[in-house]
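Listed here are the chains, written in short residue letters.
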Amino acid sequence: MSGNRTYTMIKPTAMRKGYMAPIMNKIVEGGFKIIAAKMTQLSKAEAEAFYGIHRGRPFFEELTSFMSSGPIMAMVIEKENAVEAYRNYIGSTNPAEAAEGTIRKMYGTNIGENAIHGSDSDENAKIEMSFFFTGREMF
Ligand code: GTP
Ligand code: MG
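One structure accompanies this document, and this report is about it. Note that the coordinates shown come from a computational prediction; the quantities given were computed from them, not determined experimentally.

**Section: the packing of aromatic side chains**
Each pair of aromatic rings is reported with the distance of its centres and the angle of its planes.
Here comes step 1: Following the criterion strictly, the structure yields 9 aromatic pairs and no others.
Here comes step 2: Summarising the aromatic geometry, the rings of Phe50 and Tyr51 are spaced 5.0 Å apart at their centres and angled 80° between planes, so their arrangement reads as edge-to-face.
Here comes step 3: A centroid spacing of 5.7 Å and a plane angle of 65° characterise the contact between Phe50 and Phe132, whose relative ring orientation is edge-to-face. You can see Phe50 sitting in helix α3 (residues 44-50) and its partner Phe132 sitting in helix α7 (residues 122-132), a full 82 residues away along the chain.

**Observations regarding the environment of Arg16**
Here comes step 1: Following the sequence through the fold, Arg16 ends up in helix α1 (residues 12-16).
Here comes step 2: For the pair formed by Arg16 and Pro71, sequence separation is 55 residues and the distance between their alpha carbons is 8.3 Å.
Here comes step 3: The contact partners of Arg16, leaving out residues within four places of it in the chain, are Phe66, Ser69 and Gly70.

The rules behind these values
Residues numbered from 1 in each chain as written. Chains lettered and ligands numbered in written order. Predicted model: local features only at pLDDT ≥ 70, side-chain atom pairs only at ≥ 80, totals over all residues. Heavy atoms only, no water. Phe/Tyr/Trp six-rings, centres within 6.5 Å; stacked < 30°, edge-to-face > 60°. Helix = DSSP H or I, 4+ residues; strand = E, 2+ residues; numbered from the N terminus. Contact = heavy atoms within 4.5 Å.

This is the structure we're talking about:
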């Protein structure tokens, strides 16, 4: 059974460009209910821990420096089959290849600064939401 919750965060470039509220609106328009939200900033070490699975990849340094470069909006969202539904909704990793109307197509800058994160499995969604939120911060 697939779960109904996933973890997402608006990345620093999209925050700097003023896309926080438009992206949150777009998430809600897609039928996802925001059940936790927090503006915060990752330290470099926290970004390295969050993206630990990518350690050793050529873009790891760039990714973790970028993700700790400014505030992010961390959220937990709810919808049936949330992980897959949301991955489809945000579009391909590279905004240039993302389908029209997806969040990454609309608000992404390039493959690194691609506006938004979405968990890639129920298991990782659980790990990622508990990285940012305690039980009493999820509604
Ligand atoms: P996330 O939802 O952010 O996890 O993206 P994803 O699941 O679509 O992609 P993946 O987990 O494979 O990569 C994580 C993040 O690393 C991506 O969102 C990109 O920001 C970044 N990334 C992936 N590939 C590249 C790359 O070739 N160059 C750079 N600079 N960043 C990359
Ligand atoms: Mg990923």
